[in-house]
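Structural overview
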Amino acid sequence: MARYVLLFGMMLRSLAFTRAFSSLKPAPSNFQRRVVHYAASDELKMDNIYMEWSLEDDRILHNNRHLSPVRLASMLGRGMHGVEARMKKLSNVHSTAYLRLFGGEDIQSTDTDENISNKLTPVKEVLRRIQWDPTLPASSFSIIHYDRVEDTLCETPFEAENDSISGKERKFVFALPEHRIEAVKYLDRIVWNKELRLDSVFGSMNGKGETIDKVVENYDDWKREKEEKEERNRLRQVEILKEMHTILGEMRVATLKEMSSNLLRSEWDSEEVKDYVKRVLMLYFDAQKEREDNGSDLANALDEEKEDAFDILYFLNLFSDLVALLPDERLRGEVLLEVESVINRNQESGGNSSDKTSQPSALPELNEEELEEKFVKGSGAGGQKVNKTSNRVILVHTPTGLRVECQDTRSLQQNRKIARKRLRLKLDAFINGDASRAGQKATKAVTKKAKNKARSKRRRRQKNQSDDESNN
C-alpha cells in the first residue's frame, strides 16, 4: 500500500512541475550559434565608454567594492581613474551619489527581501533547468568556461557535443567540471555569473528575484536599452579620440588603433599584453620627444592646462579610458592591470623614464628535434583510465638535460601541451637565471615583502612616538 501512495505522490509532483513550466512564455528562436572563442572585429570597437553613472552602475560598484579598481573597471568598461573617483563619492555620506544610492525609496535591499535566496544557485542546476524546461530553447544559451590548456576563457554553445573530455557524457556542458564554468548567457545577456554572484535564472543573490522567464520576456527592451547606451558611448568616444590626437598626433593614433586590432585578433597572452602597453608608452615618449625637438616656442604658447595634458599620468589615465572600450572583458582586465602597474611605478619614482617599463624576455621556443618524449602508465587516483593507459608524459631536453613529467589530466594530448609549457619555463630559468619569469617573480616577491616589513616598522615607530607625545 505504501508503494502505491509513493507512486501517486510522485505523479502529483510531476504534474505540478509541468503546469508551472507551461505558464512561462516561450523564448525567441532567432538565435545564431556563437563561435567557440570570442570574435574580434577588424577595427578597435569602442562600445563601453560611459556618459554618466547610472543607479545600477552604483549598485554594482557597492556590491563588488571588495574587488580591485582594475577588476571593477574591466567589469563596467570604464577607466580606472573614473572608478576610483566614483568609489570615493559613494563612500562620502554627504555626496549626492551616496544619497541617491542609500536614500532613495526605489532602492531594493537584497538583505531584507525574504523571497531572494542568500546562496548562489549551482551552475549544474541552471544547466538542468535549461535542458529540461520546454519553454527555453537550448540553442539560445551558451556557457563561458575556462580552458586551462589554452589558459583563456572560451564561449561554447549549450548544445555542443563532447569530443574532448573523457567519459560517457555526450554534451560538453555537462562533461565539463562545474568549477571551470564562469558564466551562462542567453543570447547576448549574461544570466548567471559565478564571480558577480549573479543568478537571473532562479533569481538568487544578485539576480534580485529576476527569473529566466522575465529575462526572456523583457529581452527586446534590454537589447534596445543596450543599443541606446552604445550610441551615447560613441559620442564620448569622439571626445577621447580628440584628446588622444592632441597628445599623440594623427599618425600615432592610427598606429595605436592598428596595434589594438592586431592584439584583439591574436591569441594573446600576458607577455603580448605587456609588450602592447610598452609600445603604447613608446608612442607617447616619441610624441614628447618630437615636441621638444620642435623648439620651445610651442611649449611657451601652451597654457598650464595644455601642459598637464602632456603629463604621462594624465596620458595613462586617458589610455585606461580607451582600454575600457575593448570588447573582450578579459583582455580589458589584463591591459588595465598592466597600466595600473605602470602608473604605480611612475608615482613611486616620481619620473617619466621609459626604462621603468622594461619587461621580461619571451619564453624560449622548443625544437622538437631536441626533445625526447616517453609515454608511460600513470599512477595514483583516477582508476583504470589512469593506471592502465600510457597517459603520463616524460619530456627531456637533450642539450641541457632538463626533464619534466606531467600527469595532470586523463588526456594524453593535454598532458603533452602542459609538459611543453613547463619545459619552456624551466629552460627560461636555466638560460636567463634571475632575468627569467620565475626569477623576476621571486625578486618581486622578496622586494614586496621587504617593503611591507619596512612599512610596518615605520608605522610602529610612528605609533610609539605618538604614544610618547600623548603621555608627555
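Summarised in this report is the structure supplied together with it. Predicted model only: the values in this text are computed from it and were never measured.

1. Some points on helix H9 (residues 219–248)
With 30 residues, H9 should cover 44 Å at 1.5 Å per step; its first-to-last C-alpha distance of 41 Å lies within 8% of that length. Along H9, the residues classified as buried are Tyr219, Glu230, Asn233, Gln237, Ile240, Leu241, Met244, Ile247 and Leu248. At the exit of H9 stands Gly249, carrying a positive phi of roughly 95°.

2. Description of the nonpolar core
Within the largest apolar cluster, 49 residues are counted, with the highest numbers of intra-cluster contacts made by Met244, Leu248, Leu256, Tyr276, Phe319 and Val335. Of the residues forming this core, the biggest block, nine residues, is contributed by helix H11 (residues 270–293). Sequence-distant contacts of Leu256, defined by excluding residues within four places in its chain, comprise Met244, Leu248, Tyr276, Val280, Leu283, Phe319 and Leu322. Counting residues in each nonpolar core, the second largest holds 26 residues, with Leu136, Phe141, Ala160 and Tyr219 among its members.

3. Notes on the sheet that holds strand S7 (residues 392–397)
Paired through backbone hydrogen bonds, the strands of a sheet run either parallel or antiparallel to each other. Pairing in this open sheet of three strands is antiparallel, and the strands run S6-S7-S8 from one edge to the other. Strands at the two margins of the open sheet, each flanked by one partner only, are strand S6 (371–376) and strand S8 (402–406). On average, adjacent strands in this sheet sit at an angle of 15° to one another, irrespective of strand direction. Each of S6, S7 and S8 touches helix H17 (residues 412–432); the most contacted strand, S8, lies at about 150° to it.

4. Considering the packing of helix H3 (residues 69–76) against helix H4 (residues 80–91)
Look at H3 against H4: their axes get within 9 Å of each other, and the N-to-C directions meet at 105°. On the basis of their axis angle, the class for H3 and H4 is roughly perpendicular. Counting all contacts with H3, which are made through Pro69, Val70, Leu72 and Ala73, the residues of H4 involved are Met80, Val83, Glu84 and Met87. Among the residues forming the contact of H3 with H4, the class breakdown is seven nonpolar, no polar and one charged.

5. Concerning the environment of Lys185
Relative to the elements of secondary structure, Lys185 occurs in strand S3 (residues 181–186). Between the alpha carbons of Lys185 and Ser142 there is a distance of 5.3 Å; along the sequence they are 43 residues apart. Residues within four places of Lys185 in sequence aside, it is in contact with Ser140, Phe141, Ser142, Ile144, Glu155, Ile190 and Val191.

6. Examining the side chain of Asp58
Within the secondary structure layout, Asp58 lies in helix H2 (residues 55–63). Residue Asp58 is classed as buried on the basis of its relative accessible area of 0%. A distance of 2.7 Å separates a polar atom in the side chain of Asp58 from a polar atom in the side chain of Arg100.

7. Structural notes on the pairing of S8
Alternating positions in S8 separate cleanly, Leu402, Val404 and Cys406 being buried on one face and Arg403 and Glu405 remaining unburied on the opposite face. Taken together, the five bridges between S7 and S8 define a ladder with antiparallel strand orientation. Each residue of the ladder has a partner; that of Val396, found in S8, is Arg403.

8. Side note on a positive patch on the surface
Judged by side-chain charge, Lys449, Lys453, Arg455, Lys457, Arg458, Arg459, Arg460 and Arg461 come together as a positively charged surface patch. Tracing the backbone shows Arg460 in helix H18 (residues 437–471).

9. Observations concerning the side chain of Arg86
Mapping Arg86 onto the fold places it in helix H4. Polar side-chain contacts of Arg86 include one of 2.8 Å to the side chain of Asp58. Contact partners of Arg86, with chain neighbours within four places excluded, come to Trp53, Asp58, Leu61, Ala97 and Arg100.

Conventions and cut-offs
Residues numbered from 1 in each chain as written. Predicted model: local features only at pLDDT ≥ 70, side-chain atom pairs only at ≥ 80, totals over all residues. Heavy atoms only, no water. Helix = DSSP H or I, 4+ residues; strand = E, 2+ residues; numbered from the N terminus. Expected span 1.5 Å × (residues − 1). Buried < 20%, exposed > 50% of the residue type's maximum accessible area, 1.4 Å probe, protein only. Core = buried A, V, L, I, M, F, W, Y, C linked by side-chain atoms within 4.5 Å. Contact = heavy atoms within 4.5 Å. Pairing = 2+ DSSP bridges. Axes fitted to C-alpha atoms, helices over the stretch in contact; angles between N-to-C directions. Parallel < 35°, antiparallel > 145°, perpendicular 65-115°, else oblique. Nonpolar A, V, L, I, M, F, W, Y, C, P; charged D, E, K, R; others polar. Polar contact = N/O pair within 3.5 Å; in protein donor to acceptor, adjacent residues only side chain to side chain. Patch = residues over 30% accessible without salt bridge, like charges linked within 9 Å, V, L, I, M, F, W, Y side chains within 5 Å. Areas by Shrake-Rupley, 256 points an atom, 1.4 Å probe, with all protein chains shown as cover. Salt bridge = Lys/Arg side-chain N within 4 Å of Asp/Glu carboxyl O. Lys, Arg positive; Asp, Glu negative; His and termini not counted. Charge placed at Lys NZ, Arg CZ, Asp CG, Glu CD.

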